[in-house]
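Structural description and commentary
Chain residues, written in single-letter form:
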Amino acid sequence: MPRFVFVFRGDSADPVTLSPAEMAAHVRAWYTWADRLRAAGHDPNGIPLERGGRTVRGAGRLVTDGPYAEAKDLVSGNMSITAASLDEAVELAKGCPGLDLGGSVEVRHVAEHDV
Amino acid sequence: MTDPSAAIEDLFRREWASLIAMLARRFGPSHLDLAEDVVQEALERAMSAWRLGLPTHPKAWIVQTAKRCAIDRLRHLQRADRLTEAALDVALANLSPEEDASNQLAMMFSLCDEDLGGETHVTLILRFLCGFGPREIAHAFIVDTATIDRRLHRGKERLRALGTLADVSDSAVIARRLPSVLCALYLMFNEGYQGSDHEQPIHPALCRYALHLAELLLDDAAISRPEIHALAALFCLHAARLSTRLDDHGVFLRLAEQDRTRWDQQLISRGVLHLSQSAAGDQMTRWHLEAAIAAEHALAPSLAETNWSRIVALYEELRRESPSPVVEIGYAMAVAELRGVAAGRAALDQLDPSRQLARYPFFWAARAELEVRAGNPAAARELYTQARALARNSAERDAYDRQLELLGA
């Protein structure tokens, strides 16, 4: 089964401030989504990312703080899943709760070694 | 397994209350904004980081993150030094349940300042001790968010002027503020109870938190009083019936229609225990009387077997102790059960409908119900129509519609 990676961008509800109950409900929505993917056999595996970090660049191995992207462009995590096709993976990505807070999901096909 | 999402909400709310109270006590209430921002940021980070799986120690995760956020912000204000960091470390690592409770009690007594009104007290308690957002509070109390923001602003200004949190080991402070604290909890509970609406999960939460905070007061030996037990009893005995007040369609059911077998027996026992502990003093407060009335209802096997003569007697005392239109309506309905519809109508007829009462839907609904029993459907229809026009939510409106339908309107 082909594998795909969801790259999640944007993870804050800015400028709307969420209450503790709303934040908890958002986490719950992610668990429900992942449970649904698991139950349907898409084998989801997620990696959440902290906000800060460093970037190593070029032949000179230049190390800078950051990523300094806009909050909405910042990669906040990713998830690998299986799906029959890119179209199916895109349909699955539409269920991502992060979209409701203004985030985005980039859907990428994992390169296969065997042809 | 327990529902992890309910556990997260519980954890978020608990840590919200606990960390804000701790930071406000340590840095002074003039830094309440800072405390709020720090805890908000810590929870937002938790929301983001936990989306793909819970950490091993969720509570410790939030506390550590809040500490880092606090230090970042203090550095920004150039107020962070090694001493502050060490103090925060100690405060967060060793926050015992007793200290946490004491911080939250100091917050509660500070928020119920004499210069602020009862509605502001409730708003501040819901915000800082229960973790409700301004939009949620506005929704529960059917006011706009700007009103809630104004109350929060006024409250924070007042605390800033005071400079420190209330000293809850000072008996004079406790004696002075306790009545406002109890009134605020009562208001909060009442809103949860009367406003119940199946589209509004916030309402049962208001009842739960009012009881939680009342029991927090009782856990402190210096604060605990028989009258707080009476208030807690009242909360338990009413809350026991909460889930049976609405039918499957979210329509209000009258006492006679509620399924008594579904009343929460655990809460009733807890209420009865509080009620027995409330009898320790020689003071008879309105909370004692209201709890005693609630106990009669909760313990009666059926509507017919309810001890109406005792309820009427309790209402007579309550009318003297704490007169209000709401008490008068309860009294009149109890009189109707004990002495017949005519006596009940006479009691309601004595009330002046020109003032506050005119805007209270239950007044018109009570009169309508007695007209139905007296065999005057035309008068009942008219009165239910008036009640319906004043209904504050769909559960109330649908309940009156159902009565109107039964009357063939």
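Residues numbered from 1 in each chain as written. Chains lettered and ligands numbered in written order. Predicted model: local features only at pLDDT ≥ 70, side-chain atom pairs only at ≥ 80, totals over all residues. Heavy atoms only, no water.

Digging into the overall build of chain B
Across its full length, chain B holds 19 helices and zero strands. Taken over C-alpha atoms, the radius of gyration comes to 24 Å for chain B, in line with the 22 Å a tight globule of 409 residues would show. C-alpha extents for chain B along the principal axes are approximately 80 × 50 × 45 Å. Residues classed as buried in chain B amount to 54% of the 409 residues present. When the accessible surface of chain B is totalled, it reaches about 18,500 Å², and 51% of it is carbon and sulfur. (Helix = DSSP H or I, 4+ residues; strand = E, 2+ residues; numbered from the N terminus. Rg over C-alpha atoms; globule rule 2.2 N^0.38 Å. Buried < 20%, exposed > 50% of the residue type's maximum accessible area, 1.4 Å probe, protein only. Areas by Shrake-Rupley, 256 points an atom, 1.4 Å probe, with all protein chains shown as cover.)

Focus: the state of the cysteines
Residues and elements named next belong to chain B. Under the counting rule described, the total for this entry stands at zero disulfides over all chains. Not part of a disulfide, C112 finds its nearest cysteine sulfur in C183, a span of 9.3 Å. The class of C112 is buried, set by a relative accessible area of 0%. C236 supplies the cysteine sulfur nearest to C207, a cysteine that is in no disulfide, at a spacing of 11 Å. Accessibility expressed as a relative area gives 2% for C207, which makes it buried. (Disulfide = S-S within 2.5 Å.)

Regarding the side chain of D220(B)
By the secondary structure assignment, D220(B) is in the loop between helix 10 (202-218) and helix 11 (226-239). There is a polar contact of 2.9 Å between the side chain of D220(B) and the backbone nitrogen of A222(B). (Polar contact = N/O pair within 3.5 Å; in protein donor to acceptor, adjacent residues only side chain to side chain.)

Re the sheet that holds strand 6 (residues 104-109) of chain A
All names here are of chain A. Spatially, 2-5-1-6 is the arrangement adopted by the four strands of the open sheet, whose pairing is antiparallel. Where the open sheet ends on each side, the last strands, each with one partner, are strand 2 (45-48) and strand 6. Across the sheet, the mean angle from the axis of one strand to that of its neighbour is 15°, orientation sign disregarded. Judged from the six bridges that link them, strand 1 (residues 3-9) and strand 6 form a sheet pairing that is antiparallel. (Pairing = 2+ DSSP bridges. Axes fitted to C-alpha atoms, helices over the stretch in contact; angles between N-to-C directions.)

Thoughts on the environment of D89(B)
The residue D89(B) is located in helix 4 (residues 82-93) in this model. Sequence separation between D89(B) and R160(B) is 71 residues, and the spatial gap between their C-alpha atoms is 25 Å.

A few points about the packing of helix 5 (residues 97-111) of chain B against helix 6 (residues 118-128) of chain B
Residues and elements named next belong to chain B. At a minimum axis distance of 9 Å, the contact between helix 5 and helix 6 shows a crossing angle of 155°. With respect to each other, helix 5 and helix 6 are oriented roughly antiparallel. In the crossing of helix 5 with helix 6, the sense of the turn from one axis to the other is right-handed. Across the interface between the two elements, M107, M108 and L111 from helix 5 touch H121, L124, I125 and F128 from helix 6. A per-class count over the contact of helix 5 with helix 6 returns six nonpolar, one polar and no charged. (Parallel < 35°, antiparallel > 145°, perpendicular 65-115°, else oblique. Left-handed = near helix turned anticlockwise from the far one by under 90°. Contact = heavy atoms within 4.5 Å. Nonpolar A, V, L, I, M, F, W, Y, C, P; charged D, E, K, R; others polar.)

As for the interface of chain B and chain A
Between chain B and chain A, the residue contacts involve 23 residues of the former and 27 residues of the latter. With both chains or domains summed, chain B and chain A bury close to 2,300 Å², and 62% of this area falls on carbon and sulfur atoms. Linking chain B with chain A are one salt bridge, by the criterion used here. In this structure, E22(A) and R135(B) form a salt bridge, with 3.5 Å as the shortest nitrogen-oxygen distance. On the surface where chain B and chain A come into contact, there are six residue pairs in polar contact (both at pLDDT 80 or more). Broken down by secondary-structure element, the contributors of at least two residues to the side of chain B that touches chain A are helix 1 (4-27), helix 2 (32-49) and helix 7 (134-141) of chain B. (Buried area = accessible area lost by both parts, 1.4 Å probe. Salt bridge = Lys/Arg side-chain N within 4 Å of Asp/Glu carboxyl O.)

Remarks on the pattern of salt bridges
Residue and element names in this part refer to chain B. With the rule as written, the count across this model stands at 33 salt bridges over all chains. For the salt bridge of E114 with R177, the shortest nitrogen-to-oxygen distance reads 3.2 Å. You can see E114 sitting in the loop between helix 5 and helix 6 and its partner R177 sitting in helix 9 (residues 171-194), a full 63 residues away along the chain. Using a relative accessible area of 42% as the deciding quantity, one classes E114 as partly exposed. Residue R177 is classed as buried on the basis of its relative accessible area, which comes to 7%.

Side note on the domain arrangement of chain B
Residue and element names in this part refer to chain B. Parsing chain B into structural domains produces domain 1 (300-351) and domain 2 (362-409). Here the C-alpha centroids of domain 1 and domain 2 sit 20 Å apart. Opposite the ten residues of domain 1 that make contact, domain 2 presents ten residues. The contact between domain 1 and domain 2 buries some 850 Å² in all, and 71% of this surface belongs to carbon and sulfur atoms. For the pair domain 1 and domain 2, the number of links is two salt bridges. Notably, a salt bridge pairs R373 with E337, separated by 3.3 Å at the nearest N-O pair. For the pair domain 1 and domain 2, the number of links is two residue pairs in polar contact (both at pLDDT 80 or more). (Domains from an automatic or database assignment.)

So, a nonpolar patch on the surface
Residue and element names in this part refer to chain A. On the surface, a cluster of nonpolar side chains totalling about 210 Å² of accessible area is made up of I47, L49 and V75. Structurally, the position occupied by V75 is in strand 5 (residues 75-82). Using a relative accessible area of 30% as the deciding quantity, one classes V75 as partly exposed. (Patch = residues over 30% accessible without salt bridge, like charges linked within 9 Å, V, L, I, M, F, W, Y side chains within 5 Å.)

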